[in-house]
Amino acid sequence: MLNQSQKIDGIIEMIASWITSISFQNSIGRYNINTDSEDFCIPLLNLLYDLDLKNQNNSKFNFPGIDVADDIKSKIAFQITSRLDSAKIIKTVRLFSEHKLRNTYSSGVKVVVLNSKGKVKFGIKSLQLLKQFQFDPENDIIYPETLIREIKNLYVTDQERFKKIDLLLTRELSGIATSFGYKNDLPDDDTRVIKRRRQFVGLIPQHKDEFQGRDVELKSIRNLLCESKSAVIINGLPGIGKSALAKMFIRINRDNYDKIIWIDIRKNENEDNLIKREEAFFTAFHHLEVHLKIDFSCVKNSREKFELIINELNNYEGENLLVIDNIGKEFSTIIEIMPGPPNWHILGTSQLPINGLDNYLLFDLDQSASIALFQKWYKNHQDELELLDLFKEIGRHPLMIELVAKTLLTVKPVVTVRDFIDRLKTKKLNDPSLQKSIFTSHIKGESQLYHHLMITFDLTEVTYEDAIILRKWAYLLPDSYQIDELAESMNDAVSTNQNFNSQLNSLLGKAWLNYEDGTFTMHPLLQKIIFYKLSPTLSDAVSIIKYITEKLSELKYEVTSKYLPKAEFLISNLVGEEKITTSVGYLFYSMASAYEWMVQNEQALEAYKEALRIYKEITIEYDNEPTFRRIVAQILLNLGCLYKNMDAFADSETCFKEAIVISTELTKLAPSVYAEQLARIYNRYADLFANKEDYKTSKSYFKKAIKTIGLLNQDAVDVVEFKLNTMNSLAIVYLKERNFTKADEIAWEVTIGYLGLAVKDRGFLVHVAMVMNNHGSIFMDANLLEEAESYFFKSINYLRNVTTNKPEDYDIKMAQIVINLAKLHDKMGKIDYSNKSYKYALELFMEHLDDASALWKVCFELAIKLARRLINDQTLVTAFLAQASMFTMYCPEMDLKGECFLEIEEILALAGIDSETFYKIPISKIFKSDEIDEDK
């Protein structure tokens, strides 16, 4: 038997891999694992805490606030979640209370958090609220480390229950722990020896049962990896089994590596643009953020994120394996920064060899493996000689063998293997021109494969409904798709039909689709066959274009990075005039906006230009229809702003000028309709000149914008607000010119305007406050300190009029203004006042720590700043450092490198406070600062 340490290590590995798999699958939009994990938690918690839990979702849909409960034995309920979400826990506890569930579950409710990235963070208000509901986060939230600690205790206190839990984990999680999901892959007895304590970073896809042969290849790849100084690339025809071989290599070599990572590059094979291919490569690594605990919150650039990940991987010791599926020529430009020997072996798959690397060409299966694979699907066919005749015609290509076997098994009327061989020997497709196209578009090996696949397609019974789905699927990036996503993106009569699921299952039975881990996939090779045989057109792609466009408009990193490659793939399969449509033009526009949001400016530029080209052609086609001209002007405006951000001022100016010409002509036609766009163009054009420090021209265009706004309905609140914002921008230009008198004059006009709006909506006082704050900052920079102080105090007072009851929306704005005031008082030598301001800002931020995790770092920095400023007062230093220590405790990812801890230690030493004594002090002292008013 394994000793205690080895047993516990095995359990930690299984639980850690389980939690990691949940995070990863959720990050790529797969949520089935959450339901499975909820079910798995029932026997685990029952054994661990001696309970009799039942799944409440089975007895009452969306049972209020709880997932599983024991209403007989221990009278306790549990909510199970994978999110570090304080709001969800507060909602759970509130629902539990509101529905009076404590009458049934007298032991209360606990929350199991299946997430390893830290602990749930609560603000002071939230903790007080939870206390009212008799919920203690310290004792009533169960984290993965809690489970491990309880299991370790059982090893000492109850060996029988420990063995049952170990057996349960091994049976249910062994597939996840080894990151394969194999069944019956471990020895039956419990005396197995674990050669290495492995860590699988990311989710290793399952290996399919139909894998056959390849023993020689597997040994050769292992030898090559041991000898290679860079990377080993498995290459060969599409569908030859490159990915399957890589998965099998992991399976049989998993004990040879300390850590294993699988990366699947989902890219458009038709894409020749190296930048976009590199982008797909970088993005494929981003999910490792979850497992490597890297903070990407301040990084949008995909290459920077990739480099952060690679730097982390380079720190790994031991012998590790990185497998990258579906790489391309872009890898030759990236290999130099990849981790390498002796700590890392890199195994890749690619259709073509990659120069400068160790390429391993994969050929067809051997004879026995080919027969075994065919009989795996067509079990009743035992005539091996006839199969050898078949293989002489189709070769021993794995995908071809599987497709033929499944087709012959399902086709009606029945076609025998001999009939199929005879048809192949005629060497003819139903369409001679198609046959010619195949042999002129592909190299010899590929053309034969396509030829055979299309003859197989001719035998397949493709129904009308099948054809609709297949034609749409041709435009989907090769990836895995859940049924809900497919139904939503294929939004037509078929997808809304209740039989959509059965239609997918029909294609599954005919070998056109695969189903794995709750998702459907189609081999890219088969998608190309669809284009040859079913000739899909733009009309088939319209619903998918609409779906992707809507997704891109969300501007969330995980969504945008997922759907941009899908958009690129779809567009690459549209031909000629198909692109000159409003739906495709708008897709390009959405792609450009998404790329710009992700700071991928070159790609954004390309997409905007394509959208502009399309809409200009549409405009000409529709005789300069104003609606389309307006869109052209909008794209030019966005292009001008993008060029400005890229410091390409000449190109920016060209775009703005063209946009102004178009928008001016439209405004003459209908001022009330088009004047707003013209004013916005003037605004951005003015910003351009302000950036170039040409303040005179900048002011002239801001004034033109204000004049143009005058053509709009002056009674409309949004128009008045637009005008006031523009006037505020003009005032800032005057301030930059150091014309403080004129700036002050306009600022007060803006203030009076907002005060007028505030008569009906006091929320506009926030705008007044922020105008005052901005001007205070500029006066401070100009060393006009008294004027700056006056503006900051006015800003605080205006904001206080909105925040009498401290609405959460405004506390953070107040804190930002108070920090500016503190900086000003430092300049003025009013140190006591600035200390009070910093302390007040800290309190305001602390009120909302459960609302925005970024505030933990801000609070830490403020607490450290106050401790340094008050270094001679040990009581205050101790209190502020205690708060700083609390922030790092509740937000551990903030101090992954230990820098925060070292800073606290440094200040303790400077203040002469004993470190050991400090860490024994309970964190209980909370400051209440004095109100800040103009007198102070």
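- As annotated in an unreviewed UniProt entry, the chain carries the name SMEK domain-containing protein and comes from Arcicella lustrica.

**Here we look at the overall build of the chain**
In step 1: Along the chain, the regular secondary structure elements total 41 helices and 13 strands.
In step 2: Among the 936 residues that make up the chain, the fraction classed as buried is 53%.
In step 3: A separation threshold of at least 6 residues defines the contact pool for the chain, and within that pool the share at least 24 residues apart is 69%.
In step 4: For the chain, the exposed area adds up to about 42,800 Å²; of that, 50% sits on carbon and sulfur atoms.

**Things to note about the state of the cysteines**
In step 1: Throughout the structure, instances matching the rule amount to zero disulfides.
In step 2: Here Cys 655 is not cross-linked by a disulfide; its sulfur's nearest cysteine counterpart is in Cys 641, at 9.6 Å.

**Considerations on the packing of helix α20 (residues 464-473) against helix α22 (residues 500-509)**
In step 1: Running from amino to carboxyl end, α20 crosses α22 at an angle of 80°, the nearest separation of the two axes being 10 Å. By the angle between their directions, the pair α20 and α22 is classed as roughly perpendicular. Contacts between α20 and α22 involve Glu 465, Asp 466, Ile 469, Leu 470 and Trp 473 from the first element and Phe 500, Gln 503, Leu 504, Ser 506 and Leu 507 from the second.
In step 2: In terms of residue class, the contact of α20 with α22 is made up of six nonpolar, two polar and two charged.

**Observations concerning unusual backbone geometry**
In step 1: Geometrically, the link from Pro 341 to Pro 342 is a cis peptide bond, its omega value of 5° lying close to zero.
In step 2: Relative to the elements of secondary structure, Pro 342 occurs in the loop between α13 (331-334) and β10 (344-350).
In step 3: You will see that Asp 623, though not glycine, has its phi angle at about 55°, which is positive.
In step 4: Classification of Asp 623 by relative accessible area gives exposed; the value is 68%.

**A closer look at the sheet that holds strand β3 (residues 76-81)**
As a general point, the strands of a sheet are linked pairwise by backbone hydrogen bonds and lie either parallel or antiparallel.
In step 1: An order of β1-β2-β3-β4-β5 is seen for the five strands of this open sheet, with the pairing classed as mixed. With one partner strand each, in any of the chains shown, β1 (54-55) and β5 (141-142) form the two edges of the open sheet.
In step 2: Together, β3, β4 (109-113) and β5 form the strand contacts of helix α3 (residues 86-98), whose direction differs from that of β3 by roughly 155°.

**A few points about the packing of aromatic side chains**
In step 1: Evaluated as defined, the whole model comprises 18 aromatic pairs.
In step 2: Residues Tyr 475 and Phe 531 carry aromatic rings whose centres are separated by 5.5 Å and whose planes lie at 80° to one another, so their mutual orientation is edge-to-face. Here the residue Tyr 475 occupies a position in the loop between α20 and α21 (483-489), and Phe 531 occupies one in helix α23 (residues 524-534), the gap between them amounting to 56 residues.
In step 3: For Tyr 475, a relative accessible area of 1% corresponds to the buried category.
In step 4: A network of ring pairs unites the aromatic residues Phe 656, Tyr 682, Tyr 685, Phe 689 and Tyr 701 as a single cluster.
In step 5: The ring of Phe 722 has Arg 680 sitting right over it, with the charged end atom 4.0 Å from the ring centre.
In step 6: The ring of Tyr 791 has Lys 794 lying over it, and the distance from NZ or CZ to the ring centre is 5.5 Å.

**Examining the packing of helix α8 (residues 215-227) against helix α9 (residues 242-253)**
In step 1: Here α8 crosses α9 at 75°, and the two axes come no closer than 10 Å. The angle between the axes of α8 and α9 places the two elements in the roughly perpendicular class. Contact residues: α8 offers Glu 217, Leu 218, Ile 221, Arg 222 and Leu 225, while α9 offers Leu 245, Met 248, Phe 249, Ile 252 and Asn 253.
In step 2: Its residues placed into classes, the contact of α8 with α9 shows seven nonpolar, one polar and two charged.

**Quick notes on the confidence of the model for the chain**
In step 1: Per-residue confidence for the chain averages 80 on the pLDDT scale, and 83% of its residues sit at or above 70.
In step 2: Below pLDDT 50 for its whole length, residues 434-444 participates in 21 contacts with residues either more than four positions away or in separate chains.
In step 3: Within the model, the stretch residues 923-936 combines pLDDT values under 50 with 34 contacts to residues more than four positions away or in other chains.

**Notes on the nonpolar core**
In step 1: In terms of nonpolar packing, the biggest core is built from 193 residues, with Phe 374, Leu 390, Phe 420, Trp 473 and Met 591 touching the most fellow members.
In step 2: A per-element tally of this core places helix α28 (residues 626-645) first, with ten residues.
In step 3: In this view, Phe 374 contacts His 381, Leu 387, Leu 390, Phe 391, Ile 401, Val 404, Ala 405, Leu 408 and Val 417; residues no more than four positions away in its chain are not counted.
In step 4: One finds Ile 42, Val 68, Ile 148 and Ile 151 within the second-largest nonpolar core, a separate group that totals 33 residues.

**Brief notes about the pattern of salt bridges**
In step 1: Considering all chains together, one arrives at 26 salt bridges under this definition.
In step 2: Between Asp 50 and Lys 73 there is a salt bridge, with its nearest N and O atoms 2.9 Å apart. Within this pair, whereas Asp 50 is found in the loop between α2 (32-49) and β1, its partner Lys 73 is found in the loop between β2 (68-70) and β3, the two being separated by 23 residues in sequence.
In step 3: A salt bridge links Asp 389 to Arg 418; the shortest N-O distance between them is 3.1 Å. Note that Asp 389 is positioned in helix α15 (residues 384-394) and Arg 418 in helix α17 (residues 417-425), a separation of 29 residues in sequence.
In step 4: A relative accessible area of 27% places Asp 389 in the partly exposed class.
In step 5: Relative accessible area serves as the criterion here: at 28%, Arg 418 is assigned to the partly exposed category.

About the thresholds
- Within each chain, residues carry numbers counting from 1 in the order of the written sequence.
- In view of the model being predicted, local features appear only for residues whose pLDDT reaches at least 70, and side-chain atom pairs are presented and counted only at 80 or more, with totals across whole chains, interfaces and linings using the full set of residues.
- Each side-chain value is derived from all of the structure's non-hydrogen atoms; neither hydrogens nor water enter the calculation.
- Going along the chain from the N terminus, every DSSP run of H or I of four or more residues is numbered as a helix, and every run of E of two or more is numbered as a strand.
- Only protein chains enter the area calculation, which uses a 1.4 Å probe; residues under 20% of their type maximum are buried, those over 50% are exposed, and those in between are partly exposed.
- In what follows, a contact means two residues having at least one pair of non-hydrogen atoms within 4.5 Å.
- Areas reported as accessible are Shrake-Rupley estimates using a 1.4 Å probe. Residue values count occlusion only from the protein chains shown.
- Count a disulfide wherever a pair of cysteine sulfur atoms falls within 2.5 Å.
- Each axis is a line fitted through C-alpha atoms, taken for helices only over the stretch in contact, and angles between the N-to-C directions span 0 to 180 degrees.
- Orientation is classified from the angle alone, with under 35 degrees giving roughly parallel, over 145 giving roughly antiparallel, 65 to 115 giving roughly perpendicular, and any other angle giving oblique.
- As a working rule, the residues Ala, Val, Leu, Ile, Met, Phe, Trp, Tyr, Cys and Pro are called nonpolar, Asp, Glu, Lys and Arg charged, and the rest polar, with Gly in that last group.
- Whether two strands pair depends on DSSP finding at least two bridges between them.
- When two rings of Phe, Tyr or Trp (its six-membered ring) have centres within 6.5 Å they constitute a pair, described as stacked for plane angles under 30 degrees, edge-to-face for angles over 60, and tilted for the intermediate range.
- Only when the NZ of Lys or the CZ of Arg is both within 6 Å of the ring centre and within 35 degrees of the ring normal is a charge said to sit over the ring.
- Residue-level confidence of the predictor is what pLDDT reports, using numbers from 0 through 100.
- Side-chain atoms within 4.5 Å link the members of a nonpolar core, which is a set of buried Ala, Val, Leu, Ile, Met, Phe, Trp, Tyr and Cys residues.
- Salt bridges are defined as contacts in which a side-chain nitrogen from Lys or Arg sits within 4 Å of a carboxyl oxygen from Asp or Glu.

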